[in-house]
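Each chain, written out:
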Amino acid sequence: MPTQKSSSIHLMVEKKLTEIVKPPKHIPSHTLSLSTLDNAPYNEVMYKMCYVFKARNVGYDDNQPNYLVREALSVLLGYYYPLSGTLKRRDTDRKLQLSCGSDEDGVEFTVATANVKLSSLKYLENIDSDLALKFLPEVQVDKDGYPPFALQVTNFECGGFILGVALPHSMCDGYGEGHIMCALTELAGGKNMPTVTPVWERERLVGRPIENDQVPFVPEGDTASSPYLPTDDWVTEKISIRAESIRRLKEATLKEYDFSNEALTTFEVIGAYLWKSRVKALSLDRDGVTSLGLAVGIRNAVNPPLPDGYYGNAYIDIYVSLTVKEVEELTISDIVKLLKQAKRKAHDKDYLQEELTNTKSIISMNLTIKGRFCLTDWRNIGIFGSMNFGWGEPVNIVPVVPPEIARILSIVMPASRLEPSMVGGVQVMITLPRAAMVKFKEEMNSVN
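Conventions and cut-offs
- Residues numbered from 1 in each chain as written.
- Predicted model: local features only at pLDDT ≥ 70, side-chain atom pairs only at ≥ 80, totals over all residues.
- Heavy atoms only, no water.
- Helix = DSSP H or I, 4+ residues; strand = E, 2+ residues; numbered from the N terminus.
- Buried < 20%, exposed > 50% of the residue type's maximum accessible area, 1.4 Å probe, protein only.
- Contact = heavy atoms within 4.5 Å.
- Areas by Shrake-Rupley, 256 points an atom, 1.4 Å probe, with all protein chains shown as cover.
- Lys, Arg positive; Asp, Glu negative; His and termini not counted.
- Charge placed at Lys NZ, Arg CZ, Asp CG, Glu CD.
- Salt bridge = Lys/Arg side-chain N within 4 Å of Asp/Glu carboxyl O.
- 1 Å grid on protein atoms, 1.4 Å probe; cavity = no way out; pocket = protein on both sides within 12 Å on 5 of 7 lines; lining within 4 Å.
- Points joined across faces, edges and corners; volume = space filled by probe spheres on them.
- Nonpolar A, V, L, I, M, F, W, Y, C, P; charged D, E, K, R; others polar.
- Expected span 1.5 Å × (residues − 1).
- Pairing = 2+ DSSP bridges.
- Axes fitted to C-alpha atoms, helices over the stretch in contact; angles between N-to-C directions.

Draft legend 1. Looking closely at the overall build of the protein. Within the protein one finds 12 helices and 15 strands. For the protein, the C-alpha atoms occupy an extent of roughly 60 × 55 × 45 Å along the three principal directions. Expressed as a percentage of its 448 residues, the buried residues of the protein come to 54%. Across the protein, contacts joining residues at least 24 apart in sequence account for 82% of those joining residues at least 6 apart. Accessible surface computed for the protein: about 20,100 Å², of which carbon and sulfur atoms make up 50%. If the 49 positive side-chain charges of the protein are averaged to one point and the 56 negative ones to another, these points end up 3 Å apart.

Draft legend 2. Fine view of the pattern of salt bridges. Here the structure, examined in full by the defined rule, presents 24 salt bridges. Between Glu201 and Arg204 there is a salt bridge, and its shortest N-O distance comes to 3.3 Å. Asp377 is the partner of Arg379 in a salt bridge, and the nearest nitrogen-oxygen pair spans 2.7 Å. On the basis of relative accessible area, Asp377 is assigned to the partly exposed category, the value being 24%. What emerges from the salt-bridge pattern is a single network uniting Glu244, Arg247, Arg248 and Glu251.

Draft legend 3. A look at empty space enclosed by the protein. One pass over the full model with this rule turns up 2 cavities of 30 Å³ or more. Considered as a void within the structure, the largest cavity measures approximately 150 Å³ in volume. Broken down by secondary-structure element, the contributors of at least two residues to the lining of the largest cavity are strand 3 (46-53), strand 8 (161-168) and helix 5 (174-188). Split by residue class, the lining of the largest cavity holds 8 nonpolar, 2 polar and 3 charged.

Draft legend 4. Structural detail: the side chain of Thr253. Examined against the element boundaries, Thr253 turns out to sit in helix 6 (residues 243-256). We classify Thr253 as buried; its relative accessible area is 1%. Residues within four places of Thr253 in sequence aside, it is in contact with Phe259, Leu264, Val269, Ile332 and Ser333.

Draft legend 5. Representation of helix 7 (residues 266-282) within the structure. For helix 7, spanning 17 residues, the distance from its first C-alpha to its last is 24 Å, which sits close to the expected 24 Å at 1.5 Å a residue. The buried count for helix 7 comes to 15 of 17 residues, which makes it a mostly enclosed element. Where helix 7 terminates, the next one or two residues include Ser283, which has phi positive at roughly 50°.

Draft legend 6. Geometry of the sheet that holds strand 8. Here we have 6 strands laid out as an open sheet, ordered 1-6-7-8-3-13, and mixed in their pairing. Looking at which strands have only one partner, the edges of the open sheet turn out to be strand 1 (13-21) and strand 13 (396-400). With strand direction ignored, the average angle separating the axes of adjacent strands in the sheet is 20°. The pairing of strand 3 with strand 8 spans 8 bridges and is antiparallel. Bridging across to strand 8, Cys50 finds its partner in Gly164. Along the sheet, helix 5 contacts strand 3, strand 7 (150-155) and strand 8; its crossing angle with strand 8, the most-contacted strand, is approximately 140°.

Draft legend 7. Region of the structure containing unusual backbone geometry. Look at the link from Leu229 to Pro230: it is a cis peptide, with omega at -5°. Within the secondary structure, Pro230 is located in the loop between helix 5 and strand 9 (234-241). The amide bond that connects Asn303 to the next residue, Pro304, takes the cis arrangement and shows omega of -5°. On the secondary structure map, Pro304 appears in the loop between strand 10 (289-297) and strand 11 (315-323). Phi is positive for Lys122, close to 55°, though the residue is something other than glycine. With respect to the helices, strands and loops of the structure, Lys122 is situated in the loop between strand 6 (107-114) and helix 4 (129-132). Positive phi, close to 55°, is recorded for Tyr123, a residue that is not glycine.

Shape is all these values report; function is a separate question.
Below, the structure written as structure tokens:
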């Protein structure tokens, strides 16, 4: 994203208080196992999120958000007590274990103050990730493991605040994170219990026992080269696509091919258009192979389907691999058809079990999977209910992803509430070499 240097806006963030918030009742000492999908190495990544709340129009108390969130967190841990444990990957079998019930258990809760108004930061609409980290909790990882949840409330001079969250992807996917955050804000708003009761049941998504002679399938990385890579000069941008633009893109795609037997989704058409735009912007060599991955939910591919309260990872990545020449020459509808075929495979129960068993084998052998470009849909984060506990809905949601992940991950996000013209639209967050970003923005903006 365009960088706003803290020196130019004289931003100072002072962290005043960090305490350990514990579950309301004692948790007996025990260890929880995670699913095969939770254990996948590519999910052991700390994702962080800033939820930006504007000041109330009426009078406010600087400390009220802190108090409400802190009290709600304590109640939340009565339902989501695993969030107060400690995660660690065992050396013996490379599996993650969640230890609960220790005297040291609890969630770090940090209170901070900033010396500016949120409007001076444009409500984090275009902010550098390094600056956003000031509003996010720090998570310490050592030989004994690390906490699976942390919160920070940063109060601004205007009465607005940022609720910063840290969660490892190994604990939950976007669906689960959405439920946790809505439960937290429900409780902060005065409810006695969350609308959705959380369910652990991680054993539901565990691969079959591995045969001694079983050789796991490890996908090869892409081979297409770019004149802009390798580089140390990366830039992240959020690109807005209006609802009217999405409608026109869908109409144009439907003119190319009749998808009347199945819905044509926004995620599919945006994914196809983004892939073509990214390939062009990077000037990839035409004979090389490039991939587009989609994160596909499999909650209903399990028999019986996973309950609403299941907050573990319940998705698999599916990939379509083509030569660059094919990506350039195929229409949007051609690519959408390939994506739909791959998604249907992900929903096949036998295929899902094969994927679980293969992932289990990759984990046990500690194999490395080469990163391939993937698109994920975060529009569902926080929409399972209102997050309004007195300050309205968040006007902005800003994810902060580790740099090495951001370079191969693009995120489709809800449109900003700060722009009335964006109602029904989406934002796409992507990281590219700076030299390629200008061309990519031209390609993506042409859809508007």
